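# Summary of structural features
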Amino acid sequence: MKSSIIRIALLGLSILAISLLHYLTPLHLHYLHDIFQRLYYLPIILAAFWFGFRGGLACSIFVSVVYVPHVLFQWGGLLTVDMEKYLEIVLYNIVGGVTGWLAQRERERSRELERTAAGLEESYRTLQRQSERIIAVEEHLRRAEKLSTLGEMAAVLAHEIRNPLGSIRGTAEILRDDYKPGNPKFEFIEIQIKETERLNRVVEDFLRMARPQPGEIRRCALREELETIAALVATDARERGIRLDLQPVPADAAVRGDGEKLRQAFLNIVINALQATPPGGSVEISAQPAGPAWEIGFRDSGAGITPEARERIFEPFFTTKPDGTGLGLAITKKIVEGHGGTLEVASEAGRGTTVVVSLPVWEETP
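Residues numbered from 1 in each chain as written. Predicted model: local features only at pLDDT ≥ 70, side-chain atom pairs only at ≥ 80, totals over all residues. Heavy atoms only, no water.

## Here we look at the environment of T277
In plain terms, the rule: Only runs of H or I of at least four residues qualify as helices and only runs of E of at least two qualify as strands under DSSP, and these elements are numbered from the N terminus. Working definition: with a 1.4 Å probe on protein chains only, accessible area under 20% of the residue-type maximum means buried, over 50% means exposed, and in between means partly exposed. Contacts are assigned to residue pairs with any non-hydrogen atoms lying within 4.5 Å of each other. As used in this structure description, the phrase polar contact means that two N or O atoms lie within 3.5 Å; if the pair is within protein, one of them must be able to donate a hydrogen and the other to accept it, and residues adjacent in sequence are counted only when both atoms belong to side chains.
Along the chain, the position of T277 falls in the loop between α7 (259–276) and β4 (282–290). Here T277 falls in the buried class, since its relative accessible area comes to 6%. Beyond its immediate chain neighbours, meaning those up to four positions away, T277 contacts I242, S282, V283, D300, S301 and G302. Of note is the side chain of T277, whose polar atom sits 2.7 Å from the backbone oxygen of A273.

Put into structure tokens, the structure is as follows:
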């Protein structure tokens, strides 16, 4: 609004200045009057560009009203001169109207192009969001396909491997009784039994991943569960030369869940943290309230996870360990999400990894 007033004032002052030049210049200097009457086109064209058709036409009419007395009273009586001047007045109005119409049309076209560009940008953002959703759906479908295949494999493994493994372990335990500790054969049989147990755990991981059993949801005391986890891995941490630090947890800290399954999920995370931490490092466990949930944090001082690996750590069978199965974190995430919680991983190369599990707070029902 303020800029429009300034522009109108400039147009008015320019027209007034040109008119004064006309009225104050002697008539015998006709070549100056020819120049002055051409100067009127400047405010007319500016008004047309600034205000469109109406502005250009209004300015040209105002110029005509100001200029006509000069023609009538100062140039009056000379027909040829009058005709030339009146023709100039007609041209003022034609130029003002046509230039204003063209400027207004161009301005409307520019606004239409801006609206079109804004619409295209919004369409692009919408398509981008839809594309992201499609990619997410495809990712879920791929995981579902993997899990479906995993279920079939688990059924076959349970039948074809688990029973023979039990027989092999039982036989090995019988043979072990024939030798005393320190005997090389006793050590070999111990290795055989341990490897049999490891293979059996792999099969159990397959079964849990493919067909997780529904657990009983009840009040789960966080301090008790985390202290149990710390006790279970204390010996392993000590042998690795890693400091295990369990931060104080309030006695009333409780979440909704199946304690056994949550213990399995927490244990998977802590074992991964210990395996990723070099001797002399530390693993910290903490819990703090976060609105309607408790956040359980597991922080290690290991080498961290690369961005490429971080995007895939929850995929079944993906692992960076030579002897890993790639099922630990996949099972953990499935357990946490089955409890209505979330699992997030933050890691930076050379600065360790932090895993945060968020679980709903236990609320007593009246």
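## Brief notes about the pattern of salt bridges
One side chain can pair with another of opposite charge once the charged atoms of both are near each other. Definition in use: A side-chain nitrogen of Lys or Arg and a carboxyl oxygen of Asp or Glu constitute a salt bridge if their distance falls within 4 Å.
Going through the model one piece at a time under the given rule, you end up with eight salt bridges. One salt bridge connects E121 with R125, and the closest N-O pair in it is separated by 3.1 Å. Residue E121 and its partner R125 are both found in helix α4 (residues 79–176); the two are separated by four residues, about one turn of the helix. What makes E121 partly exposed here is its relative accessible area of 46%. Connected via shared salt-bridge partners are E121, E122, R125 and R129.

## Describing α7
The line we're drawing: One fewer than the residue count of a helix, multiplied by 1.5 Å, yields its expected span.
End to end, α7 covers 26 Å across 18 residues, agreeing with the expected 26 Å (1.5 Å per residue, within 8%). Among the residues making up α7, those that are buried are G259, L262, Q264, A265, F266, N268, I269, V270, A273 and L274.

Keep in mind these values describe shape, not function.
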